[in-house]
Amino acid sequence: MSAKVNQIDQMAAVMEMTPNAALFKVHIRQITESPAFRGSRRSQEFLQFIVERALDGRFDELKERALGVELFGREPAYDTGEDSIVRVTACDVRKRLTQFYSDSGHDAGVRVELHPGSYIPDFHNAPLLSEPEELPTLPSLPPAQPRSQWLTWVFLGLLTLGLTVDLVEHFRGQRQSVSAHIVPPQILPWSALSLPNRQIRVILCDPDIVSLQRLLNYSVSLSDYANQHYWPTPIKPEALPVMQVISFRGANVAAVDVGIALSIAKKLTVTTQTARSVRLADFKTDDSFILLGSPRSNPWTELFQDQLDFNFKFDLTRKSEYILNKHPHAGESSAYVPTTEGWGTGEAYALVALVGNPNQAGQVLLIGGSTAEATEAAGKLTANPEQFSGILKSHGINPLGSPGHFEILLRVSTMAGSSNTFDVVAVHSLS
């Protein structure tokens, strides 16, 4: 099985099994304590690591370089061609798994496999989870908020709901007036997104999930988001009304996204969806997609992070996003850390990237920032064909050429909730 070609299928299979995560973790302990694995601590740790990361939906950590750094202490820029530690260990794990299932005559209906060329494990034939031998430790919740603060959140949630209806209705009216008789621009990125008889689908971010993550001090994984598990359990009874108000089925939309979507609709005939209404199967089409927001606000962007050099990461200490540069070019930093959060004054970062949809014909445009202001700046850049083309040309990318993949990192100066100016930090060709 090819990990690259079948990546989305593998992720989908894993996500379907996440309700049985506790059962699989118990099974993995049985495997690693068996005679087949008892003689290799390295293979034990490798199997435990990839299973836990897969069940948590952290697929971006299941790449050869990431595994080399995390498990074997290699430097981030180490040569994977010369150092085969990850591939050798994965091969050993596959042999030991085969031995375990052969020797034990295991027939409990649960099976874990690791196919050649992939570091994402496959989970098979799991029965419905009833009472596993041992449940994993659940994350502890922050101290209960005072009742007055919960009421404040309820009020803000209802206020947001009213604004949501106004924005959605405004957008619908504008969409109808600008989508007729549109001739798509014949320059990147728009030329790459326009395929005959195929939709271009704009996926708006989910500001509700951002509020929930901030309120409960946790990070939702793509796996949980895809399975519609939007907050950790158990949840305190007094918090449930607040959770329901804030989540509101994910119908809330960000004003920044509305502005970007309107600008796009002037160039292309598009359909729009909220991130909460999307399912993994939606990406198994030849449609093109435009995803707005960072992984924190639009978890679906995680599907395409492995194609990028610049990845959004969340700093638990600062409680904010930053940009990790996986392959720094000359003069570039390995990380870009914002100096301000939303509605502040300072520097933020944004990313515009054109990538492929694995195993599909459509293309994917990612537009997201560490703050809403940074996302807004990235959206304005994509709406300016002359400026965008000039940036691509100056970095050796032909805006009139074939749909080559690329990413542009922006440093955005913000002041009191507005994007002021931006400059181009780096442009990487991904083709």
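Above this text you will find the structure in question.
As the structure is a prediction and not an experimental result, all values here were calculated from the model.

What should I look at first to understand the pairing of strand 7 (residues 320-325) in this one?
Remark: a regular strand shows side chains that alternate across the two faces of the sheet. By the bridge criterion, six bridges tie strand 6 (residues 310-315) to strand 7 in an arrangement that is antiparallel. Residue pairing in the sheet places Phe-314 in a bridge with Glu-321 of strand 7. Taking the residues that link successive antiparallel strands as the turn, the strand 6-strand 7 hairpin has four residues, and the phi of Lys-319 there is positive, at about 55 degrees. Bridge analysis of strand 7 against strand 8 (residues 335-336) gives two bridges, and the strand direction is antiparallel. Looking at strand 8, one finds that Leu-324 is bridged to Ala-335.

Can you help me understand the pattern of salt bridges in this one?
Side chains that differ in charge, positive against negative, can pair when their charged atoms come close. Applying the stated rule across the entire model yields 12 salt bridges. As a salt-bridge pair, Arg-41 and Glu-45 come within 3.0 Å of each other at their nearest N and O atoms. With Arg-41 and Glu-45 both in helix 4 (residues 41-55) and four residues apart, this pair spans about one turn of that helix. On the basis of relative accessible area, Arg-41 is assigned to the exposed category, the value being 62%. Its salt-bridge partner being Arg-111, residue Glu-113 comes within 3.3 Å of it at the nearest N-O pair. Residue classification places Glu-113 among the partly exposed positions, given a relative accessible area of 26%. Each member of the salt-bridge network shares a partner with another, and the members are Arg-201, Asp-282 and Asp-287.

Sorry if this is basic, but what is going on with unusual backbone geometry here?
Glycine aside, the phi torsion of most residues is negative, and most peptide linkages are trans. At the junction of Leu-188 and Pro-189, the peptide bond is cis and its omega measures out at 5 degrees in the coordinates. With respect to the secondary-structure elements, Pro-189 resides in the loop between helix 7 (147-178) and helix 8 (190-193). At Gln-228, a position not held by glycine, the phi torsion is positive, near 65 degrees. Tracing the sequence through the fold places Gln-228 in the loop between helix 10 (222-226) and helix 11 (240-247). Taking relative accessible area as the criterion, Gln-228 reaches 43% and is therefore assigned partly exposed. Positive phi outside glycine occurs at Asn-359, with the angle close to 70 degrees.

What is the right way to read the packing of aromatic side chains from this model?
A ring pair, where both rings are aromatic, is described by two values, the distance of the centres and the angle of the planes. For the structure shown, the criterion picks out eight aromatic pairs. When the ring of Tyr-225 is compared with that of Trp-300, the centres are 6.1 Å apart and the planes differ by 80 degrees; the resulting orientation is edge-to-face. Highlighted residues: Tyr-225 in helix 10 and Trp-300 in the loop between strand 5 (288-292) and strand 6, separated in sequence by 75 residues. Both residues of the pair, Tyr-225 and Trp-300, count as buried. The interplanar angle of 45 degrees and the centroid separation of 5.6 Å between the aromatic rings of Phe-283 and Trp-300 together place this pair among those described as tilted. Of this pair, Phe-283 sits in the loop between strand 4 (271-274) and strand 5 while Trp-300 is found in the loop between strand 5 and strand 6, placing the two residues 17 residues apart along the sequence. Taken individually, Phe-283 and Trp-300 each receive the classification buried, so the pair is uniform in this respect. A network of ring pairs unites the aromatic residues Tyr-225, Tyr-230, Phe-283, Phe-289, Trp-300 and Phe-304 as a single cluster. Cation over ring: Arg-65 sits above Tyr-78, and NZ or CZ is 5.7 Å from the ring centre.

What is the right way to read empty space enclosed by the protein from this model?
Unfilled space is identified by rolling a water-sized probe across the atoms. All told, the structure shown has three cavities of 30 Å³ or more when counted by the stated rule. The space that makes up the second largest cavity amounts to roughly 50 Å³. Lining the second largest cavity we find Gly-293, Pro-295, Thr-301, Gln-305, Leu-308, Phe-312, Leu-351, Leu-366, Ile-367 and Gly-368. Sorting elements by how many residues they give to the lining of the second largest cavity places strand 10 (residues 363-369) first, with three residues. In terms of residue class, the lining of the second largest cavity is built from six nonpolar, four polar and no charged.

Honestly, the environment of Thr-382 in this entry has me stumped. Any pointers?
When you line up the elements, Thr-382 lands in helix 13 (residues 372-382). Aside from chain neighbours lying at most four places away, what touches Thr-382 is Trp-190, Val-352, Ile-367 and Phe-388. Side-chain polar atoms of Thr-382 contact the backbone oxygen of Gly-379, separated by 2.8 Å.

What am I meant to see in helix 9 (residues 207-216) here?
Side chains of residues three or four places apart in an α-helix project in the same direction, reflecting 3.6 residues per turn. Among the 10 residues that make up helix 9, eight are buried, leaving the element largely enclosed by the rest of the structure. Within the span of helix 9, buried status applies to Pro-207, Asp-208, Ile-209, Val-210, Leu-212, Gln-213, Leu-215 and Leu-216. Residue Asp-206 occupies the N-cap position of helix 9, its side-chain oxygen lying 3.1 Å from the main-chain nitrogen of Asp-208. Phi turns positive, to about 55 degrees, at Asn-217, one or two residues after helix 9.

Just checking my understanding: could you explain the sheet that holds strand 8 for this structure?
Backbone-to-backbone hydrogen bonds pair the strands of a sheet. The strands run either parallel or antiparallel. With antiparallel pairing, the three strands of this open sheet are ordered in space as 6-7-8. Taken across any chain shown, the strands that pair with only one partner, and hence form the sheet edges, are strand 6 and strand 8.

Just checking my understanding: could you explain the environment of Leu-212 for this structure?
Note on placement: Leu-212 falls in helix 9. For Leu-212, a relative accessible area of 0% translates into the label buried. With 20 residues separating them in the primary sequence, Leu-212 and Pro-232 have C-alpha atoms 10.0 Å apart.

Looking at this structure, I do not really get the packing of helix 4 against helix 5 (residues 64-72). What am I missing?
To describe two helices that pack against each other, one gives the angle between their axes and the distance between the axes. Taken N-terminus to C-terminus, the directions of helix 4 and helix 5 make an angle of 125 degrees; their axes are 11 Å apart at the nearest point. Relative to helix 5, the element helix 4 lies oblique. In this structure, helix 4 meets helix 5 at a crossing whose hand is right-handed. Along the contact surface, helix 4 presents Arg-42, Glu-45, Phe-46, Phe-49, Ile-50 and Arg-53, while helix 5 presents Leu-67, Glu-70, Leu-71 and Phe-72. Partitioned by chemical class, the residues of the contact of helix 4 with helix 5 number six nonpolar, no polar and four charged.

Cut-offs and rules
- Residues numbered from 1 in each chain as written.
- Predicted model: local features only at pLDDT ≥ 70, side-chain atom pairs only at ≥ 80, totals over all residues.
- Heavy atoms only, no water.
- Pairing = 2+ DSSP bridges.
- Helix = DSSP H or I, 4+ residues; strand = E, 2+ residues; numbered from the N terminus.
- Salt bridge = Lys/Arg side-chain N within 4 Å of Asp/Glu carboxyl O.
- Buried < 20%, exposed > 50% of the residue type's maximum accessible area, 1.4 Å probe, protein only.
- Phe/Tyr/Trp six-rings, centres within 6.5 Å; stacked < 30°, edge-to-face > 60°.
- Lys NZ or Arg CZ within 6 Å of the ring centre and 35° of its normal.
- 1 Å grid on protein atoms, 1.4 Å probe; cavity = no way out; pocket = protein on both sides within 12 Å on 5 of 7 lines; lining within 4 Å.
- Points joined across faces, edges and corners; volume = space filled by probe spheres on them.
- Nonpolar A, V, L, I, M, F, W, Y, C, P; charged D, E, K, R; others polar.
- Contact = heavy atoms within 4.5 Å.
- Polar contact = N/O pair within 3.5 Å; in protein donor to acceptor, adjacent residues only side chain to side chain.
- Axes fitted to C-alpha atoms, helices over the stretch in contact; angles between N-to-C directions.
- Parallel < 35°, antiparallel > 145°, perpendicular 65-115°, else oblique.
- Left-handed = near helix turned anticlockwise from the far one by under 90°.

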